[in-house]
Amino acid sequence: MKLMSGNSNLSLAQSVADYLDIKLTDASVKRFADDEIFVEIHENVRGEDVFIMQSTSFPANDNLMELLIGIDALRRASAKRITAVIPYFGYARQDRKPGPRTPISAKLVANLITEAGADRVLSIDLHAGQIQGFFDIPTDNLYGAPVMSADIQARFAGHELMVISPDVGGVVRARALAKRLDNAPLAIVDKRRERAGESEVMNIIGDVSGRFCILIDDIVDSGGTLCNAADALKAKGATEVVAYITHGVLSGGAVARINDSCLKELVITDSIGATDAVKDSDKIRHLTMAPLLGEAIKRIADETSVSSLFD
Ligand code: R5P
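Because the structure is predicted, anything quoted here is derived from the model rather than measured.

Student: Got a minute to help me understand the packing of aromatic side chains in this structure?
Tutor: The relation between two aromatic rings is expressed through the spacing of the ring centres and the mutual angle of the planes. Under the counting rule described, the total for this entry stands at 4 aromatic pairs. Both rings, one in F156 and one in F212, keep their centres 4.9 Å apart while their planes meet at 40 degrees; by these two values the pair is tilted. Of this pair, F156 sits in helix α4 (residues 145-156) while F212 is found in strand β11 (residues 212-220), placing the two residues 56 residues apart along the sequence. In terms of burial, F156 and F212 fall into one category: buried.

Student: Would you take a moment to explain the site of the ligand for this structure?
Tutor: Taken together, the neighbourhood of the ligand is formed by 14 residues, with D217, D218, D221, S222 and T225 sitting nearest. One of the side-chain N or O atoms of D217 is found 2.6 Å from an oxygen atom in the ligand. Residue D221 places a main-chain N or O atom 2.8 Å away from an oxygen atom belonging to the ligand. Here the ligand loses 88% of its free accessible area of 380 Å² to cover by the protein chains.

Student: Could you clarify how one ought to interpret helix α2 (residues 60-76) in this entry?
Tutor: Each α-helix winds once per 3.6 residues, and so residues spaced three or four apart point in a common direction. Here α2 spans 24 Å end to end across 17 residues, near enough to the 24 Å set by a 1.5 Å rise per residue. What α2 keeps buried is the set N63, L64, E66, L67, L68, G70, I71, A73 and L74. Those residues of α2 hidden inside the fold are in contact with β1 (2-5), β2 (27-31), β3 (37-41), β4 (49-53), β5 (81-86) and α3 (105-116). A positive phi of about 70 degrees marks S78, the residue just after α2.

The rules behind the values
- Residues numbered from 1 in each chain as written.
- Predicted model: local features only at pLDDT ≥ 70, side-chain atom pairs only at ≥ 80, totals over all residues.
- Heavy atoms only, no water.
- Phe/Tyr/Trp six-rings, centres within 6.5 Å; stacked < 30°, edge-to-face > 60°.
- Helix = DSSP H or I, 4+ residues; strand = E, 2+ residues; numbered from the N terminus.
- Buried < 20%, exposed > 50% of the residue type's maximum accessible area, 1.4 Å probe, protein only.
- Near = heavy atom within 4 Å.
- Polar contact = N/O pair within 3.5 Å; in protein donor to acceptor, adjacent residues only side chain to side chain.
- Areas by Shrake-Rupley, 256 points an atom, 1.4 Å probe, with all protein chains shown as cover.
- Expected span 1.5 Å × (residues − 1).
- Contact = heavy atoms within 4.5 Å.

Next up, the structure:
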């Protein structure tokens, strides 16, 4: 088995390699003067079971191209099986036509990855479960909830916990976390987005008064959804609001918005490499997905069950 990494999140790839007790495959990514990407693998991969790790996070298009070209290089080097390990699958939010004459870019990206030569995909907390079906190759979707619930239990046991979904679409994810927290009660923020990139909190379904609220979501991007939800929860009498979010996209002024918000803490995973602003924030803490990814990779290579990781 070999693990090769793109440049989007080298520290996570190195941690996964450490978990697996292997060295990262020796490969380099260069750029031509016009910014074309060139990938070169410096060791033999013929007949190998190769995992190539790359989050398609900011800069999304460059990181995606690097992944596609890396897969192509592996295929042409006769790797036996290529698994694209995409901790954060960018473009996932474009999973349906929001209006006439618009694309379904998540499907296009899935096609590109398959066409490049991937045999399997491994990701974490896909924005929507059905994105698995966009790939015509086996796709494993890992869940951040076990890592998050262990952290919540270690830090906040003894509080009157309540799990909050920041929108109706996240209820299944929130319910799964609540189940892991001894069936903590659940509330839902009825969010309505008037324009792309803006969110508006309309209502809270459930009584959050006196509760220590755990907001759970797959993505924090502008931070608008999260900060509006936190404000609304506080206004309804929540004692504290802590957020657990798998993918810290955190674009634009998101970190400043989080720092200035009423959130007690934002906990994100390392599915996306942290920027300096994220590292410097006193309000943002990281949980690592390396052991979970490493164990899933090991099980895929050994052809044993991945789903039993979540029993
Ligand atoms: C939306 O359905 C997602 O689950 C997130 O709630 C959303 O992407 C967060 O975006 P933002 O931080 O920009 O409000």
